[in-house]
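Understanding the architecture of this molecule
Chain by chain, the residues run as shown.
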Amino acid sequence: MGERVFITGVGMITAIGDDVQQNLEHLLTARSGLGVTDYVDTIHRNILPVAEVKHSDVELAAMAGLPDNKGYSRTTLLGLVAIQEALRNAGIADPQEVPTGLVNATTVGGMVETERHYFTLTDPAREGEMMPVADLLDCGDCSQRIADTVHIDEFVTTISTACSSSANALMLGARMIKQGLLSRAVCGGTEALTRFTINGFNSLKNTDRQPCRPFDQQRNGLNLGEGAAYLVLESESLVQQRGATVLAELTGYANTNEAFHATSPSPEGDGALAAMGEAIEMGGLTPQDVQYINVHGTATLTNDASEGKALQRLFGKAVPPFSSTKPFTGHTLAAAGAVEAIFAVLAIREQVIFPNLNFSEKMEELDIIPQTTLRHAPIQHVLSNSFGFGGNNASLVISKF
Amino acid sequence: MKFQCYIQSSCAISPQHTFQQDIFSEALQTTDTNMLQAWQPSYAGLIPPNSLRRMSKALKMGLAAASQCLAEGGIANPGAIITGTGKGSLQDMEKFIKDIQTYHETALNPTQFIQSTFNAVNGLIALQQQNTQYNNTFVHRGLSFESALLDALLQLSAGKHHVLLGGFDEVTPDQFQIKSHSGWWKQEKIHSAALLQHLSPGTIAGEGAVFFLLANQPGDHPAASIEGMKLLHKPSSHKLDTALQQFLDEHALQPGHIDLLMSGRNGDSNYQHFYDQVAQALPGIPEVSFKPLCGEYDTAHAFGLWLAAQMIKAGKAPQQWFPAGTVFPKAYRTVLLYNQYYGEQHAFILLKKAL
Amino acid sequence: MTIEALKQQLKEQIIEALNLQDTRPADIDDNAPLFGEGLGLDSIDSLELMVLLERNYQIKVEDPREGRKILQSVQSMAEFILAQQLA
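The model shown is predicted, which means the values in this text are computed figures rather than measured ones.

Calculation notes
- Residues numbered from 1 in each chain as written.
- Chains lettered and ligands numbered in written order.
- Predicted model: local features only at pLDDT ≥ 70, side-chain atom pairs only at ≥ 80, totals over all residues.
- Heavy atoms only, no water.
- Helix = DSSP H or I, 4+ residues; strand = E, 2+ residues; numbered from the N terminus.
- Buried < 20%, exposed > 50% of the residue type's maximum accessible area, 1.4 Å probe, protein only.
- Contact = heavy atoms within 4.5 Å.
- Buried area = accessible area lost by both parts, 1.4 Å probe.
- Salt bridge = Lys/Arg side-chain N within 4 Å of Asp/Glu carboxyl O.
- Polar contact = N/O pair within 3.5 Å; in protein donor to acceptor, adjacent residues only side chain to side chain.
- Phe/Tyr/Trp six-rings, centres within 6.5 Å; stacked < 30°, edge-to-face > 60°.
- Pairing = 2+ DSSP bridges.
- Expected span 1.5 Å × (residues − 1).
- Arc of directions from axis to C-beta.
- UniProt positions renumbered as here; feature names shortened; annotations may be inferred.
- Domains from an automatic or database assignment.
- Nonpolar A, V, L, I, M, F, W, Y, C, P; charged D, E, K, R; others polar.
- Axes fitted to C-alpha atoms, helices over the stretch in contact; angles between N-to-C directions.
- Parallel < 35°, antiparallel > 145°, perpendicular 65-115°, else oblique.
- Left-handed = near helix turned anticlockwise from the far one by under 90°.
- Core = buried A, V, L, I, M, F, W, Y, C linked by side-chain atoms within 4.5 Å.

**Structural notes on the overall build of chain C**
What chain C contains, in helices and strands, is 4 helices and 0 strands. In terms of overall dimensions, chain C has C-alpha extents of about 35 × 25 × 20 Å along its principal axes. Across the 87 residues of chain C, 46% fall into the buried class. Restricting to contacts in chain C with at least 6 residues of sequence separation, those with at least 24 account for 53%.

So, in C-alpha cells, the structure goes:
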C-alpha cells in the first residue's frame, strides 16, 4: 500500500554521544553512558545510576545554535540538537521546499522546569503575573519550538504513549507518507531526566541500583536515561526526485495493545508477540528474514520475561541474535524508539550486532541469551521493539536498501 | 485528501448536562468563577468499582465517555482507539509533584505517576474492552484532538471499519493558577453565559471528555459525516483566508452552501480577530459558539464537533443554551467548524449530514 | 499496641489508602488473602501497601518479592510490624 518509505537522515544526542558518530563509537567499543546525575536535584543521585547527557542547558542551547536557553526547556534543547543533525545528515537546508511534517514524542514535556518552579507557579499571591515557564509543561510546547526553530510548518504533532512514543511517531510519519499527506516527515522523540520520572519509576520499585542487566537472571530493574533522536523519512518519489542518499528502509511496523495491565506486560508476551509478528508480516517478511533484534530489554523483572517468551514463541528454536542497548543509553522513554531505530540503521550500515552489556546469567524461564559481544554479521533486516505503560506495544522493521 | 468517515455514536461529559440527557430540554449550566467544571455523572455501573477507586477525574470522564460511546454504537472492539489530550490527568501529575516534595522523594505511591502518563486513559479503555488493536495518544495542545482525528481518518481510509476517537482534558485549581501566568483567563470574573459579550483579554477555563465511534461506512443511523479537516500553525491573516478558501474549494463548497459556522469564539480580545476574519469570509452564514458552554481547553473542539453532530442529527439546536437573539439556520446539513488556540493552532473541520 | 488493635488500625489504614469505598474494617477477615480472591487487590495496591508501611510504621520493604509475603493478609502484616518493632 502506498509509497515505500526511506530513512534519509538521522540525528541524535544521548549519554553516549552528542551525535550519531559518537554514539556509534561507544557502541562499538562497549562504553556505557551510565553514571551519576549532575543536573537533577534528587536524593537518589548517588543511588540510582542514570544515563545523562553531560551538557548544561546553556551548553545545549549553544550546540543548537541559539543565543541562549531562555524559554527553552531541556527537552526542547535536546530535541533541537538531534533534529538539526538529522536534517543536515539528510542534506536538507530548507525543510519548507517540500511538504514536511514533524511528528515528535515526549512523555513529560517540560517537566524539568515545571518541577523546579511548581510552587511559585501555583502560589496564589502571584496569580496573573506573567511567567514564561507556565507554558513549558505542555507536551506540545517542545514540538512547536523545535518546529519553529528549524522552520517546519506544514504539519506538527506530538505523541505520548509512554515508552513506545517515538516508535509511534515514526509509524505516523510513515503512514502519512504512504497515504499521500506528506512527502517527508521528521519523526522521533526527546526526553530529559527529571526528578518526577526518577521517582516515578522508583515508586514502582523497578529501578536498579546497579547498571541494568537486561535478560539476566539477576536483573533488578531499569536505569533511566535522557536524549533525543530523529529520523528523516521520505517517500520513494521524493528520494528519486532530489537524489537523496537512502540509509535504510522502514519496511514494517505495528502498534498493538496488550490490554493486560496498566504497567505490566502479560507473562507470556502476547502483546509483544502480536506487535513483532504484524511488523514482520507488513514488511512482507517471515521471522527467518530477521538477522538482529534490538529488544526493548529494560531489565525489569516483567519486561524481559515477557519479551523473551514472545521471542521464543515467534522465532521458535531459531531466535536471531538480540541485544538491549539500554545499558548504553539508559531507558530514554519517549526517545527510546527513535534512538534504537537509529541503532538499527547503524547495525545495517556497519553490518554489526551491538552487545548487550552486563549479562552473565541466563534467565531460568528462558532458553535464550542475548548477544554479549560485538559481532560482525550480514544484516538485512532489523527488528526494533518498544513497549510501554498502558499496554502500548510497538515494533519496527528496518531494512537494508 | 478526502475521507469516508461517519459518526456512528458519540458521548460527551461536559459542563452541560450532556451525558445520557436530552440536550434539547436541559437547562443551560453556567458559572461566574471563570472555570466551567464538567457535570460528573454517577460512575458506578459505568466503571467497575475496583478500577474506580484509584481514578482521578480525567480518567473517569475519559473511560466513562468512551465506554458509553462504544455501548451506544454497538461496537465493543473498534479497530483502533485514538485520543487527544492536552494535559492528561493533571490531578495525578500535581499530586505526584507535591508528594515528591512532601515526602522528600521517599515512600511515594506509584498510582499518581502511572495515571499521569498521557496514554493512561487509552490503556484503560483497551483493558476494559480487551482491545488489542491500534492504540495511540496525541498531546499537542490545541491540536491534540485534531491530531487524533487525523490519525483516525488515516486508519479508516487504510481499511479499519471502526475507530474510537476521543478528546479529554480536566481543569484543576493549580492548572488555572499556572495558566494565569500566560494571561489565559479574564482578570474580571464574568458570567459564563455572557462570555461573548465580555470582550477583554483572556477567556474562561473549561473541561470535558468527548468520544466518537467513527466508521468508514455509513451504517444504519450515522449522526453525520466528517468530510475533512485543515490544520494551520500561526497563520498570517492572508494564509488563514487562503486556507479557508482552499478548504472550501477542495470540498466543492461555496460559502452559501454552509448552513452554520460553529466557532470557538471565546471573548478573548487578543485573538478575536481570527474569528471575525473567518465570519467575514462567510457573509450571511449564522454563527454559534460552543465555548460559553464548555469553556476553553486544549480539546474543546471535540465538544464543538459533538454539538454540531447532535444538531445535524436532530435537525435543530438546543436553543435554550444560546443567548437570546441568536440566529439559527433553517436546516442543518453542512456545518463548518473553526477553532483556534491562543492564536497559534487553528483548525477547520467540515461536517455534513450523512445521506 | 496489641496485635488486635494493630489489625484494626491496619484495616482502617488499608481502606483509606486504597480508597476501598464500600468496605468496612469488619468486612476484612484477618486471614483472608488481600490479593487475587480476597479483597481483589493487584500489584499496584501491593506497592501502595508498602508505602503505607513506610509512611505509618517506618518499615521499608525493598524487594517486591519479600513484600508479597508480608502483604498476604492483615494478620501477616500485623505480625511483621510487631516483629520489626521488637527487633
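**A few points about the interface of chain A and chain B**
With 65 residues of chain A in contact, the opposing surface of chain B contributes 59 residues. Considering only the side of chain A, the residues that lose the most area to chain B are Y118, Q179 and F196 of chain A, jointly responsible for 12% of the buried surface there. The salt bridge partner of D151 of chain B is R175 of chain A, with a shortest N-O separation of 2.4 Å. Our enumeration of links across chain A and chain B arrives at 38 residue pairs in polar contact (both at pLDDT 80 or more).

**Examining the packing of aromatic side chains**
Residue and element names in this part refer to chain B. Per the stated rule, a full pass over the model turns up 22 aromatic pairs over all chains. Taking the centre distance of 5.5 Å and the plane angle of 80° together, the rings of W184 and Y341 count as edge-to-face. Pair noted here: W184 is in the loop between α7 (173–180) and β5 (208–215) and Y341 is in strand β9 (residues 334–341), with a separation of 157 residues, a long-range link. Side by side, W184 and Y341 carry an identical accessibility label, which is buried. An aromatic cluster of three or more residues is present, and its members are F176, W184, W185, Y271, Y341 and Y342.

**Considering the pairing of strand β6 (residues 184–191) of chain A**
All names here are of chain A. β6 sits mainly inside the fold: 8 of its 8 residues count as buried. Residues R184, V186, G188 and T190 point to one face of β6 and A185, C187, G189 and E191 to the other, with burial holding for every one of them. Pairing of strand β4 (residues 100–105) with β6, which is carried by 4 bridges, proceeds in the parallel orientation. Considered in β6, the bridge of G101 is made with A185. Two elements, β6 and strand β8 (residues 227–235), share 8 bridges in a ladder whose sense is antiparallel. Of the residues in β8, the one forming a bridge with G188 is Y230.

**Structural notes on the interface of chain B and chain C**
In this complex, chain B contributes 12 residues to the contact, which on the side of chain C involves 14 residues. Both faces combined, the contact of chain B with chain C buries some 1,200 Å², and carbon together with sulfur accounts for 42% of it. It is R53, R54 and A107 of chain B in chain B that bury the most area against chain C; as a group they hold 49% of the surface buried on that side. Taken together, the connections running from chain B to chain C amount to 4 salt bridges. For D42 of chain C, the salt bridge goes to R54 of chain B, with nearest N and O atoms at 2.9 Å.

**Some points on the environment of E296 of chain B**
All names here are of chain B. Among the secondary structure elements, E296 is positioned in the loop between α10 (291–294) and α11 (300–314). Placed 89 residues apart in sequence, E296 and E207 show a C-alpha to C-alpha distance of 7.4 Å. Those residues in contact with E296 that sit more than four places away from it in its chain are W185, T203, I204, A205, G206, N266, K291, Q340, Y341 and Y342. At 2.7 Å, the side chain of E296 and the side chain of N266 are in polar contact.

**Structural notes on helix α9 (residues 270–282) of chain A**
All names here are of chain A. Given a rise of 1.5 Å per residue, 13 residues ought to cover 18 Å, and the 18 Å separating the end C-alpha atoms of α9 matches this to within 8%. Within the sequence span of α9, burial applies to G271, A272, A275, M276, A279 and I280. Buried residues of α9, seen end-on, are gathered within an arc of 155° and therefore sit on one face of the element. Taken together, the buried residues of α9 touch β9 (248–257), α10 (301–315), β14 (381–387) and β15 (392–399). Within two residues after α9, G284 carries a phi angle of roughly 70°, on the positive side.

**Things to note about the UniProt feature "domain: Ketosynthase family 3 (KS3)" (unreviewed entry) in chain A**
When the UniProt feature table is mapped to this numbering, "domain: Ketosynthase family 3 (KS3)" (unreviewed entry) covers residues 2–400 of chain A. Across residues 2–400 of chain A, helical content stands at 33% and strand content at 20%; the span's end C-alpha atoms are separated by 19 Å.

**What about the domain arrangement of chain A?**
Residue and element names in this part refer to chain A. Considered domain by domain, chain A is made up of domain 1 (5–242) and domain 2 (251–399). Distance between the C-alpha centres of domain 1 and domain 2: 21 Å. Counting residues at the interface gives 64 residues for domain 1, matched by 65 residues for domain 2. Of the roughly 4,800 Å² buried at the junction of domain 1 and domain 2 (both faces included), carbon and sulfur atoms supply 72%. When the area that domain 1 buries against domain 2 is broken down by residue, the three leading residues are L27, F215 and R219, summing to 19%. Linking domain 1 with domain 2 are 1 salt bridge, by the criterion used here. Inspection of the domain 1/domain 2 interface yields 22 residue pairs in polar contact (both at pLDDT 80 or more). Counting residues per element, the ones that place at least two in the side of domain 1 that touches domain 2 are β1 (5–14), α1 (20–28), α6 (165–178), β6, α7 (195–203), β7 (224–225) and β8. When residues of the side of domain 1 that touches domain 2 are assigned to their parent elements, the largest contribution, 9 residues, is made by α6. Grouping the constituent residues of the side of domain 1 that touches domain 2 by class yields 30 nonpolar, 26 polar and 8 charged.

**Here we look at the pattern of salt bridges**
Per the stated rule, a full pass over the model turns up 43 salt bridges over all chains. Salt bridges here are not isolated pairs; linked through shared partners, they connect D135, D138, D141 and R145 of chain A together with K87, R141, K179 and D298 of chain B.

**Quick look at the packing of helix α4 (residues 111–121) of chain A against helix α3 (residues 90–102) of chain B**
Relative to each other, α4 of chain A and α3 of chain B sit at 65°, their axes nearing to 11 Å. With respect to their mutual orientation, α4 of chain A and α3 of chain B come out roughly perpendicular. Pair α4 of chain A / α3 of chain B crosses with right-handed handedness. Within the contact between the two elements, α4 of chain A uses M111, Y118 and F119 of chain A and α3 of chain B uses M93, E94, I97, K98 and Q101 of chain B.

**Remarks on the pairing of β5 of chain B**
All names here are of chain B. Most of β5 sits inside the fold, with 8 of its 8 residues counted as buried. Residues of β5 alternate between two faces, with G208, V210, F212 and L214 on one and A209, F211, L213 and A215 on the opposite face, all of them buried. With 7 bridges connecting them, strand β1 (residues 6–13) and β5 associate as antiparallel partners. Paired with I13 across the two strands is A209, which belongs to β5. As paired elements, strand β4 (residues 162–169) and β5 share 8 bridges and run antiparallel to each other.

**What to know about the nonpolar core**
Counting residues in each nonpolar core, the largest one holds 108 residues, and the members touching the most others are L214, L307 and L351 of chain B. Contact partners of L307 of chain B, with chain neighbours within four places excluded, come to I23, M262, F290, L293, P318, W321 and F322 of chain B. If you look at the next biggest cluster of nonpolar residues, it comprises 60 residues, including V50 of chain A, V139 of chain B together with L6 and I81 of chain C.

**So, the sheet that holds strand β3 (residues 50–51) of chain A**
Residues and elements named next belong to chain A. What the 3 strands build is an open sheet, ordered β2-β3-β7; its pairing is mixed. In this open sheet, the two strands that pair with only one neighbour each are β2 (34–35) and β7. Note that β3 and β7 share 2 bridges and pair parallel. Following the sheet pairing, A51 is matched in β7 by G225.

**Quick look at unusual backbone geometry**
Positioned with a positive phi, A30 of chain A is a non-glycine residue whose angle comes to about 55°. Within the fold, A30 of chain A resides in the loop between α1 and β2. Its identity is not glycine, yet Q20 of chain B carries a phi of approximately 55°, on the positive side. Within the element layout of this structure, Q20 of chain B appears in the loop between β1 and α1 (49–52).

**Points about the packing of helix α1 (residues 3–17) of chain C against helix α2 (residues 43–57) of chain C**
All names here are of chain C. As a packed pair, α1 and α2 sit with axes 11 Å apart at the nearest point and diverge in direction by 125°. By the angle class used here, α1 and α2 are oblique. Once α1 is placed against α2, the crossing between them reads as right-handed. Contact residues: α1 offers L6, Q9, L10, Q13, I14 and A17, while α2 offers E48, L49, L52, N56 and Y57. Tallied by class, residues from the contact of α1 with α2 come to 7 nonpolar, 3 polar and 1 charged.

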